[in-house]
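# Observations on the model geometry
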Amino acid sequence: MTDQTFGATGAFPEALAQAAGLTDELLGKLLAVPPGPEARVVAAMRYSALAPGKRLRPFLVLASAQLFAVAQRSALQVAAAIEMVHAYSLIHDDLPAMDDSDLRRGRPTCHKQFDEATAVLAGDGLLTYAFEVLAHPDTHGDPMVRCELVTALAQAAGTQGMVGGQMIDLLAESDRSLDIGAITRLQRLKTGALIAFSCEAGAILGKAAPELRAALRGYAHDLGLAFQIADDLLDVEGSAAETGKPIGGDAAAGKATFVSILGVERARSQAKVLVQQAVAHLDLFEKKAELLRQAAQFVVNRRA
Ligand code: GRG
């Protein structure tokens, strides 16, 4: 494994790059292509999981785990698992039955590079493998902690989280009548739940006191909404060259988003308020949470 201690410089850009390097190294090992015809689905899983993304969720796992002095090896297992679930969601979201997208992370989407059936299987393979990784003894010596991680990720990814949010989103397509409360709930489920799991994972690994775990949940809640508003703003103001995916899709589809409801200026100021709120949740951790504070600023200023 690369000789890197996550966050050693205390600067967010380096820490994000380290999270990406360390997580990709582990993903590369976990997703070694086997011999035999099943090699094709593992190659598709590799293609999507290792495609260049920000690796924000792995960063959040590593930074939250560091608050509780969790071993980096344990945190990396969770970082790899969450990135697998995220990659699965992107593969399935891009399929013709959903967003029908040709471009993701600056490359052809999984079903364009391989084929639709392989992309469905690659998503399924990544989702199931993530739970195998969490259940592995390398993730934590205490089986109860591993069980808690499995339950928390299942809840975040399933019908009470991302899958539920995606269902609401599909039903709401072309529905401009959604109000701000409905959009907030949709996004809390669709993107917020995985972000919240990423932040809480450190507290689970570190067997943290309930109030510390609650503080991380509060941070994640505000961060997730700020992240989504930034995503909606990028869909209006960004470019495909920057984001690596088609832009303008929400407006073309007539979708209600934070930006379509609030307008660009109010959406931007709301994102800033959410970042301030997110950062305030971290007061309990004092200086130890500096990387998470910087991450909150990054989320609203990002261009990809
Ligand atoms: C198919 C079950 C299922 C769920 C799909 C997450 C999701 C639900 C769809 C992705 C569509 C989308 C663009 C959502 C907006 C927020 C989001 C998750 C953006 C992509 O995440 P980033 O910006 O991507 O962290 P990178 O590529 O940097 O990892």
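Along each chain, residue indices are assigned from 1 in the same order as the chain's sequence is written. Thresholds applied to this predicted model are a pLDDT of at least 70 for local features of residues and 80 or more for the giving and counting of side-chain atom pairs; totals over whole chains, interfaces and linings are not thresholded and use all residues. To get the side-chain values, all heavy atoms of the structure are used, and hydrogens and water are removed first.

### Digging into the nonpolar core
Residues F59 and Y219 are the most contacted members of the largest nonpolar core, which totals 95 residues. Note on definitions: a residue-residue contact is assigned when non-hydrogen atoms from the two residues lie within 4.5 Å. Contacts of Y219, omitting those with residues within four sequence positions, involve L60, C199, A278, H281, L282, L292, A295 and A296. What is meant by a nonpolar core is a set of buried Ala, Val, Leu, Ile, Met, Phe, Trp, Tyr and Cys residues, joined one to another through side-chain atoms within 4.5 Å. Three labels apply to residues, based on accessible area from a 1.4 Å probe with only protein chains included: buried if under 20% of the type maximum, exposed if over 50%, partly exposed otherwise in between.

### Thoughts on the site of the ligand
Within the structure, the ligand sits among 21 residues, and K54, R57, H86, D93 and R105 are positioned closest to it. Pairing of N or O atoms within 3.5 Å defines a polar contact, subject to two protein rules: one partner must be a possible hydrogen donor and the other a possible acceptor, and residues neighboring in sequence count only if both atoms are side-chain atoms. Measuring from an oxygen atom of the ligand, one finds a side-chain N or O atom of K54 at 2.5 Å. Between the ligand and R105, the relevant distance is 2.8 Å, taken from an oxygen atom to a side-chain nitrogen or oxygen of the residue. A run of H or I in DSSP counts as a helix once it spans at least four residues, and a run of E counts as a strand once it spans at least two, with each numbered from the N terminus. Counting only elements with at least two residues in the shell around the ligand, the list comes to α4 (72-94), α8 (162-171), α9 (180-205) and α10 (210-237). Ranked by residue count, the leading element in the shell around the ligand is α4, at six residues. A cutoff of 4 Å decides nearness: a residue is near a molecule or strand if any of its heavy atoms lies inside that distance of it.

### Observations regarding a negative patch on the surface
A cluster of acidic residues, D99, D100, D102, E116 and E173, forms a negative patch on the protein surface. Mapped onto the elements, D99 comes out in the loop between α4 and β1 (103-104). In this scheme, patches are assembled from residues that exceed 30% relative accessible area and form no salt bridge. Like charges are connected within 9 Å, while nonpolar side chains (Val, Leu, Ile, Met, Phe, Trp, Tyr) are connected within 5 Å. Accessible surface is estimated by sampling points in the Shrake-Rupley manner with a 1.4 Å probe; for residues, cover comes only from the protein chains shown. For salt bridges, the criterion is a side-chain nitrogen of Lys or Arg within 4 Å of an Asp or Glu carboxyl oxygen. As used throughout, the charge tally considers Lys and Arg to be positive and Asp and Glu to be negative, leaving His and the chain termini uncounted. By convention, the point assigned to a charge is CZ for Arg, NZ for Lys, CD for Glu and CG for Asp.

### Structural notes on helix α2 (residues 39-49)
An α-helix turns once every 3.6 residues. As a result, residues three or four positions apart point the same way. Within α2 the residues assigned to the buried category are A39, V42, A44, M45, Y47, S48 and A49. Considering only its buried residues, α2 is in contact with α1 (12-30), α4, β2 (107-108), α5 (110-113) and α6 (116-135).

### Quick notes on the packing of aromatic side chains
Two aromatic rings, taken as a pair, are described by how far apart their centres are and by the angle between their planes. In summary, the pairing rule links any two rings of Phe, Tyr or Trp, Trp by its six-membered ring, whose centres are within 6.5 Å, and it sorts them by plane angle into stacked for under 30 degrees, edge-to-face for over 60 and tilted for everything else. The final tally for this structure, using the stated rule, is five aromatic pairs. Between the aromatic rings of F6 and F59, the centroid separation amounts to 5.7 Å while the plane-to-plane angle is 65°, which identifies the pairing as edge-to-face. On the criterion of sequence distance, the pair formed by F6 in the segment before α1 and F59 in helix α3 (residues 56-67) is long-range, its members being 53 residues apart. One exposure class covers both F6 and F59, and it is buried.

### A closer look at the side chain of H140
Position of H140 among the secondary structure elements: in the loop between α6 and α7 (143-157). Polar contacts involving the side chain of H140 include one to the main-chain amide nitrogen of D142, which spans 3.0 Å. There is a polar contact of 3.1 Å between the side chain of H140 and the backbone oxygen of L205. Leaving out residues up to four positions away in the same chain, H140 has contacts with S74, V145, R146, L205 and K207.

### A look at the pattern of salt bridges
Applying the stated criterion to the full structure yields 18 salt bridges. Close ionic contact of D93 with R104 constitutes a salt bridge, the shortest N to O distance being 3.7 Å. On the criterion of sequence distance, the pair formed by D93 in helix α4 and R104 in strand β1 is long-range, its members being 11 residues apart. Looking at D93, the relative accessible area reads 14%, which means it is buried. Notably, a salt bridge pairs D169 with K190, separated by 2.7 Å at the nearest N-O pair. Of the two residues, D169 sits in helix α8 while K190 sits in helix α9, which places them 21 residues apart along the sequence. Residue class for D169 comes out buried when judged on its relative accessible area of 8%. A single salt-bridge network, built from bridges that share partners, covers D24, R55, E83 and R105.

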